Amino acid sequence: MPADAGSRITRADVDHVASLARLALTDDEADALTHDLGVILEHAARVEALDTDGVPPTAHPLPLRNVLRADEVRPGVDRDEVLAQAPATEDGRFRVPPVLGETS
Amino acid sequence: MARTEVVTATAWEPVIGLETHVELATATKLFCGCANQFGAEPNTNVCPVCLGLPGSLPVLNARVVEFALRIGAALRCRVPEQSIFARKNYFYPDMPKDYQISQYEEPVCIDGTLDVDGRAVGIERAHIEEDTGKTVHVGGGGRIHEAGYSLVDYNRAGVPLMEIVSRPDLRSAEEARAYVTELRALLEAIGVSDVKMEEGSLRIDANVSLRPAGDAAFGTRVEVKNMNSLRSLGRALEFEIERQAGLLDAGERIVQETRHWDEGAGVTHGLRSKEEAFDYRYFPEPDLVPLAPDAEMRAEAAAALPELPADRRARLSADWGIDEDMARILVGTPGLAEYAEAAVAAGAAPVAVARWCTGEVLAYLHEVRVAPGELALLPDGLAELVALVDDGTLSRKLAKDVLDECLRTGEHPSAVVKARGLAQVSDEGELAAVLDAIVADHADVVAAYRAGDDKVKKKKRGFLMGAAMKATRGQANPALLNRLLDQRLG
Amino acid sequence: MIPGPVDGDADADAVALAAAVRSGDRSARAVVDQHLARIDERDEELHAFLLVMADEARAAADAVDATVAAGRDPGPLAGVPVALKDVLCTRGVPTTCGSRILEGWRPPYTATVVARVLAAGGIPIGKTNMDEFAMGSSTENSSYGPTRNPHDPTRVPGGSSGGSAAAVGGGLAPLALGSDTGGSVRQPAALCGVVGVKPTYGLVSRYGLVAFASSLDQVGPFATTVADAAVLLEVIAGHDPCDSTSVPEPGPRLLEGLDDGVDGLRIGIVTELTDVEGVEPEVVAAVEQAGHALEKAGATVERVSVPSAAYGISAYYLIAPAEASSNLARYDGVRYGLRVDAGDTATMNARTRDTGFGPEVKRRIMLGTYALSAGYYDAYYGQAQRVRTLVIRDFARVYERCDALISPTSPSTAFELGARTADPLAMYLSDVCTVPSSLAGHPAMSVPFGAGAHGLPVGLQVLAPARGEAVMFRVAQVVEEAA
């Protein structure tokens, strides 16, 4: 294990990122990830070595622009087919546990 | 919250910026062909795209682009060469993908202005983004295990929105209200939205901070949400300004936070929400390509602009010779200016039309809550009424009653006048006979008139006029009656 | 003898099969039944399939036969069984992406590429195993158990489209569709001894392809021959109005010029993709032999350099996880798939995701979220996207002189199950040859060429510039003939 594998990302970072990503990691998972991510980031950070001054980012490899569609109604999906796949429904809506911080 | 009037009470200047979300009135949603329709049965206007099902992809609605460019033109914005879509990442059950497709660093419109009461309010940017679904909280009951739950409907998910962000140029609750009124009228006039705050097609969030009057630096700002009407907006801003002033006067810091307006309690509440100071991890949307409006699209947008409210007010003022307030009411009441202009086109005198429209017609519209376009009395009917008053057939006083009846029934004024025999009596001979009878019956009054001072004369004259009006069931032509009475009184 | 598909016979040739069905010589039903029987025999060991669509396949075959009987042409894939990587949505048929979080999910719609296969008379025969959400290079990350290499069941088939590659390599289906983001069609094709193609980005619709990394994902064909791969690609390629990133025109004709040869073409051997760390000597030898064969066929072959390709893996493992972290946010237990209950929605989301996702997926979501997060965006994601531009520019320079390029597809032949699972980075480095062309959006394909240690298949990668499928296939055809 490279000497500074852990320096790129700390356990606190991992905990913060896990909450952003809505992943309820166990302690063991978080520790393992702190190590793994450190190693991977070390390798990925090699990109820092390249001089990219004045180089624009490539968000799309295909140089397309203005892809539009007409404002015409098209058939959607069958509500029953979709709701049948849902973990919980009520009155045609998706049912979830209460959302904290929500006022009625 | 009382403000202590201490020796060095600081004059606090409110600094307000408004973020307005407008639902665009397209036939379909922003990225899919589902109907953009208010009030449908839950989850009936959905498809893989707006449900964010695995494997689905967005495709941009051309009409949304059209509307966005039109808004940009109306707000005198700059439309850069290209704009891109970006993902705003956060989790919420009403967000099918748990990210919202919006625009971040390169929005479609920037650097515009909106004229509000003669002042130019800056528009920082306007961008396109998709709306979320709707979550309804249900329960909980009295028992501990009934914690309640939420139900989600995705009909609204993917509806196209334009977010219009003003610069923090507003300095009071009234200015904020005026800005929203003007913006609303503008958006409606250009046909991009039905801008109904009560239906959620126009939503306002405010950023409010205070600073010592004369300072250039900004204070800590607080975001205020959940203001569902113009009135709420005004009340909420006034409350928030006073709340912050109170804290600052007491030497306390303002916490940067999001606060909800509670209409019932008349206060803003701080939210203990995890979404504060959130990291949205914006990055360019890889499933959509850049939008680069070409010359044709830009020209079409400018050409599609109808007469804008400010221009219309100016025109009516100038052409009709009405004052600014009257013009503001006409143009600011949806459909009223059209109604008035149609009446004028049917031949009626503009000033009279404007007076009726901003008076009795407007009152009626508020009473029965209909739009001018839905009135039973058509504009040519109003024109007829104006003509009847003009040519002396109908006294102004009776005209009010006739108008009221016509508004409710849709009958033509001439028909009502005929049916109720309300035609003004302008026959000189008839009126002369009436007056002669009155003068004969009230010789003492006439004598008192001749003998009395100005005050007495006025009183006695009034009595005689009243008697004559009564005798003619209010239908005597007042001007003619006056002249004939003058002759008899000498 | 070069190890091609195991137990291969005439039935492995899709073009011939389709011709026989269209002419009425063979019934589609008989073809399908035969392949279903083979799957029954072999797949317990191979585990290429997560789901066999026996009923649907038979019904589709009957429909093709009815079309033929009515005197109409069912299309170029008439009666040919096609295995579908379980990352492609098939209406009413479970689509799991190799994950527990989508266990049992039946999409209410079908992917465009699958619809095109059906419209061409092809017979979707089953959903194949894959690394979970296409993240992996060995199919060991599948939550439903690994797939085995048809040439040696103690070894991996490659990944993430290991099931599709094994199905074709094991003679269970003549054709398959997979998805390639950083090499996930090409690398398993090489390890299983079959042809695998990653098209130009945008050539093939992604509508209905469950997203991993949106700016890199492409659906690609597996086949036993270059010609068969060309037929399948022709069927699925071309503009799709449901995909904003798809090319504006119809797909290219590829069969026409397939046998034009390489006389006069300039072909480059890419140093940064060939002289990589850990590359097996047999693999390098195969590349050199392929070079000689191309020279014999009339091409000029020279060594070329794409310098920033050396940073490909680094950039890729910032961009792909970043996009994936966002694409996989939707798996939150609300609308479909697994839900682990809790007292509030946020906790429900977090527990569902921790339970439903495997370790590699969690690793990449965390990596991607971090790379996009405040304060790190510019150094990681931002920088990686700029490096991507450098890769495109370096390739462009090389393509000014060369018509096509070659390199190994994978530095090694099939490794043993479990050999690389302890070290994520070691697994990532399996993609070192394939990732740069993915970043550039260029087409590339793997053609079986020679054998490596233990007689395992070696794949030669042929690369071409964007929209250069025609020349790429021409070169591949010559390589295949020389193999």
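Because the structure is a prediction, the values reported are computed rather than measured.

Next up on the list: the sheet that holds strand S2 (residues 89-90) of chain A. Sheets are built from strands paired through backbone hydrogen bonds, the pairs being either parallel or antiparallel. The strand order S2(A)-S3(A)-S8(B)-S7(B) describes an open sheet built from four strands, whose pairing is antiparallel. Looking along the sheet, the strands with just one partner apiece sit at the ends: S2 of chain A together with strand S7 (134-138) of chain B. Note that strand S3 (residues 93-96) of chain A and strand S8 (residues 149-153) of chain B share three bridges and pair antiparallel. Across the sheet, the residue bridging to Val96 of chain A is Ser150 of chain B, located in S8 of chain B.

Before going further, it helps to spend a moment on the domain arrangement of chain B. For chain B, the assigned domains read domain 1 (12-301), domain 2 (307-416) and domain 3 (428-489). Relative placement of domain 1 of chain B and domain 3 of chain B: their C-alpha centres are 66 Å apart.

This part covers the sheet that holds strand S3 (residues 123-128) of chain C. Residue and element names in this part refer to chain C. Read across the sheet, eleven strands follow the order S1-S3-S2-S4-S6-S5-S10-S11-S9-S7-S8 without closing on themselves; strand pairing throughout is mixed. One side of each edge strand has no neighbouring strand; the edge strands of this open sheet are strand S1 (49-52) and strand S8 (300-304). Ignoring which end each strand starts from, the neighbouring axes of this sheet average 30 degrees apart. Sheet topology note: the strand S9 (residues 404-408)/strand S11 (residues 457-463) ladder contains four bridges and is antiparallel. Pairing of Pro408 across the sheet is with Leu460, part of S11. Docked against the sheet, helix H16 (residues 469-482) engages strand S7 (266-270), S9, strand S10 (444-451) and S11, running at close to 10 degrees with respect to S10.

Attention now goes to the pairing of strand S13 (residues 267-270) of chain B. Bridge analysis of strand S12 (residues 258-262) of chain B against S13 of chain B gives four bridges, and the strand direction is antiparallel. The residue of S13 of chain B that forms the bridge with Arg259 of chain B is Gly270 of chain B.

Residues and elements named next belong to chain C. The element strand S2 (residues 81-85) is extensively covered by neighbouring structure, given that five of its five residues are classed as buried. Burial along S2 is two-sided: the residues Pro81, Ala83 and Lys85 and Val82 and Leu84 are all buried. Taken together, the five bridges between S2 and S3 define a ladder with parallel strand orientation. Each bridged residue has a counterpart across the sheet, and for Pro81 the counterpart in S3 is Ile123.

Once that is clear, we can look at the interface of chain C and chain A. Listed per partner, the contact involves 57 residues of chain C and 46 residues of chain A. Of all the secondary-structure elements, those providing two or more residues to the side of chain C that touches chain A are helix H10 (312-327), helix H11 (345-356), helix H12 (359-372), helix H13 (378-399) and helix H14 (424-428) of chain C. For the side of chain C that touches chain A, the leading source of residues is H13 of chain C, giving eleven residues. Per-class residue counts for the side of chain C that touches chain A are 27 nonpolar, 18 polar and twelve charged.

Looking now at the packing of helix H1 (residues 62-74) of chain B against helix H4 (residues 295-303) of chain B. All names here are of chain B. Following both chains from N to C, one finds H1 and H4 inclined at 65 degrees, their axes separated by 8 Å at the closest point. Our pair here, H1 against H4, has a crossing hand that is right-handed. Facing H1, whose interface residues are Val65, Glu66, Leu69, Arg70, Gly72 and Ala73, H4 presents Met297, Arg298, Glu300, Ala301 and Ala302. Of the residues contributing to the contact of H1 with H4, the split by class is six nonpolar, one polar and four charged.

Turning to the packing of H10 of chain C against H12 of chain C, a few remarks are in order. All names here are of chain C. The contact between H10 and H12 brings their axes to 7 Å, and the two run at 100 degrees. Between H10 and H12, the interaxial angle falls into the category roughly perpendicular. Here Leu318, Pro321, Ala322, Glu323, Ala324 and Ser325 of H10 come into contact with H12, specifically with Arg364, Ile365, Leu367, Gly368, Thr369, Ala371 and Leu372. Its residues assigned to classes, the contact of H10 with H12 comprises eight nonpolar, three polar and two charged.

What follows concerns the interface of chain B and chain A. Taken together, the 44 residues of chain B in the interface contact 33 residues of chain A. Of all elements in the fold, only strand S2 (60-61), H1, S7 and S8 of chain B reach the threshold of two or more residues within the side of chain B that touches chain A. Looking at the side of chain B that touches chain A, the element that brings in the most residues is S8 of chain B, giving five residues. Its residues assigned to classes, the side of chain B that touches chain A comprises 25 nonpolar, 13 polar and six charged. Examined bridge by bridge, strand S1 (residues 68-69) of chain A and S2 of chain B share two bridges and lie parallel to one another. Bridged to Leu68 of chain A within S2 of chain B is Leu60 of chain B.

So, on to unusual backbone geometry. Omega for the bond connecting Gly159 of chain C with Ser160 of chain C falls within 30 degrees of zero, at 10 degrees, which places this linkage in the cis form. Tracing the backbone shows Ser160 of chain C in the loop between S3 and helix H5 (162-169). Of note in this structure, Arg76 of chain B is not a glycine but carries a positive phi near 55 degrees. Here Arg76 of chain B shows up in the loop between H1 and strand S3 (86-89). Even without being a glycine, Arg467 of chain C presents a positive backbone phi close to 65 degrees. For Arg467 of chain C, the location among the structural elements is in the loop between S11 and H16. Residue class for Arg467 of chain C comes out partly exposed when judged on the 18 C-beta atoms lying within 10 Å of it.

Residue and element names in this part refer to chain B. Residue position: Leu394 is located in the loop between helix H9 (379-390) and helix H10 (396-409). We classify Leu394 as buried; it has 27 C-beta atoms within 10 Å. For the pair Leu394 and Ala476, spaced 82 residues apart in sequence, the C-alpha to C-alpha distance is 9.3 Å.

Scoring rules and cut-offs
- Residues numbered from 1 in each chain as written.
- Chains lettered and ligands numbered in written order.
- Predicted model: local features only at pLDDT ≥ 70, side-chain atom pairs only at ≥ 80, totals over all residues.
- Pairing = 2+ DSSP bridges.
- Helix = DSSP H or I, 4+ residues; strand = E, 2+ residues; numbered from the N terminus.
- Domains from an automatic or database assignment.
- Axes fitted to C-alpha atoms, helices over the stretch in contact; angles between N-to-C directions.
- Contact = placed C-beta atoms within 7 Å.
- Buried ≥ 20, exposed ≤ 12 C-beta atoms within 10 Å, placed from the backbone.
- Nonpolar A, V, L, I, M, F, W, Y, C, P; charged D, E, K, R; others polar.
- Left-handed = near helix turned anticlockwise from the far one by under 90°.
- Parallel < 35°, antiparallel > 145°, perpendicular 65-115°, else oblique.

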